[in-house]
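Single-letter residue listing:
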Amino acid sequence: MKTWLKVLATLLLLYTIVAGFLFDVPRLNIVNETIRALYFHVPMWFGMVVLFLVSTVYSIQYLRNPSIEKDIYAVEFANTGLLLGLLGIVTGMIWANYTWGSPWHGDPKQNGAAISLLVYLAYFVLRGSVENEDQRARLSAVYNIFAFSAMIPLIFVIPRMTSSMHPGSGGNPGFNMYDLDSKMRMVFYPAVAGWILLGVWIASLRIRVRLIDEKIQNLENE
Amino acid sequence: MNKNTLVTFLLFFVIAPVWLMAQPIEMANTLRSEGKIYVVVAILLVIFAGLIGYLFLLDRKITRIEKKLPSKKD
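Just so it is clear, the model here is predicted, and its values are computed rather than measured.

1. Considerations on the nonpolar core
One recurring pattern in soluble globular proteins: nonpolar side chains tend to sit buried together. The biggest cluster of nonpolar side chains holds 52 residues, and the ones touching the most others in it are L38, Y39, M48, F52, Y120, M151 and L198 of chain A. Elements represented by at least two residues in this core include exactly helix 1 (3-22), helix 2 (38-64), helix 3 (68-99), helix 4 (108-128), helix 5 (133-161) and helix 6 (182-221) of chain A together with helix 2 (37-68) of chain B. It is helix 6 of chain A that provides the largest number of residues to this core, a total of 13 residues.

Written as structure tokens, this is what we have:
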């Protein structure tokens, strides 16, 4: 990852923290000031989806043309994506506690998100349970594609088809319908970009550590 | 102690401090306004700066280790 992207991520997130707390937001019943959580909770999911997508692309590339590097890229992007997903679900529970009345509402969006995270956790269980390196990489690449395909309907389709309290689901307008006014967009989009870049940065560090490890193992085998 | 000295003494050491205390005390009022939200922002900025600084250091450390390895594989 280029250094200017890391600096950009830092600047975008500094702006998000300052503007996210100090800029004007719509005065809405029940949500009150918690609407500001939009700048922090939602980008976790955007970041997770982007990182999982990158991971899936590397898995597809691995299956087309296997190499250990592609497997490392796929697993570390999935790993960082899972971290953002866990942060997303925990922040969502805090938000739900004060706006919906309880942390876990059995809401389709919450359940779908939880199932998706479990599907991705199973990806790491699968990796841990195969000894042979090539077999592990191939099996987990296939599973990773399945996991991404399962996540999309679980998070983005099913909650829209049933009744859900989560904004943007089940006939429930998202903030972007009329609540997310132009002033909130000015903070929300930079926030999303900043958090995604931070996720990619962390993933790139994990990848570099793994590649160093790989090189050392190759040197030892020589 | 003549009368003038007494007046000066009272003015400087008794009346002046009381008069000064009655004035509104100038402090970092911005940090206390609007439900002290600026304090929260300051705390978050410190935490964020700490984490990002740590990430940059980690990044540099990894770069240093990468340079220790033979440049080309095989």
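2. What to know about the environment of A96 of chain A
All names here are of chain A. You can see A96 is positioned in helix 3. What makes A96 buried here is its relative accessible area of 2%. Counting along the chain gives 26 residues from A96 to A122, while the straight-line C-alpha distance between them is 26 Å. With sequence-adjacent residues up to four places away left out, A96 is seen in contact with G101, S102, P103 and Q110.

3. A word on the side chain of S55 of chain A
Residue and element names in this part refer to chain A. Residue position: S55 is located in helix 2. Side-chain polar atoms of S55 contact the backbone oxygen of A74, separated by 2.8 Å. Residues within four places of S55 in sequence aside, it is in contact with A74, F77, A78 and N144.

Thresholds applied
All residue numbers refer to positions counted from 1 along the written sequence of the respective chain. Going through the entries in the order they are written, you letter the chains from A and number the ligands from 1. In view of the model being predicted, local features appear only for residues whose pLDDT reaches at least 70, and side-chain atom pairs are presented and counted only at 80 or more, with totals across whole chains, interfaces and linings using the full set of residues. With hydrogens and water excluded, all non-hydrogen atoms of the structure serve as input to the side-chain values. For our purposes a nonpolar core is just a set of buried Ala, Val, Leu, Ile, Met, Phe, Trp, Tyr and Cys residues, chained together by side-chain atoms within 4.5 Å. Think of it in three bands: residues with accessible area under 20% of the maximum for their type are buried, residues over 50% are exposed, and the middle band is partly exposed, with areas taken using a 1.4 Å probe on protein chains only. What counts as a helix is a DSSP run of H or I of at least four residues, what counts as a strand is a run of E of at least two, and both are numbered from the N terminus. Only heavy atoms matter for contacts: two residues are in contact if any of them lie within 4.5 Å across the pair. For the purposes of these results, a polar contact is taken to be a pair of N or O atoms within 3.5 Å, where, inside protein, one atom must be able to donate a hydrogen and its partner to accept one; residues adjacent in sequence count only when each atom of the pair is a side-chain atom.

Any functional reading would require information beyond the geometric quantities listed.
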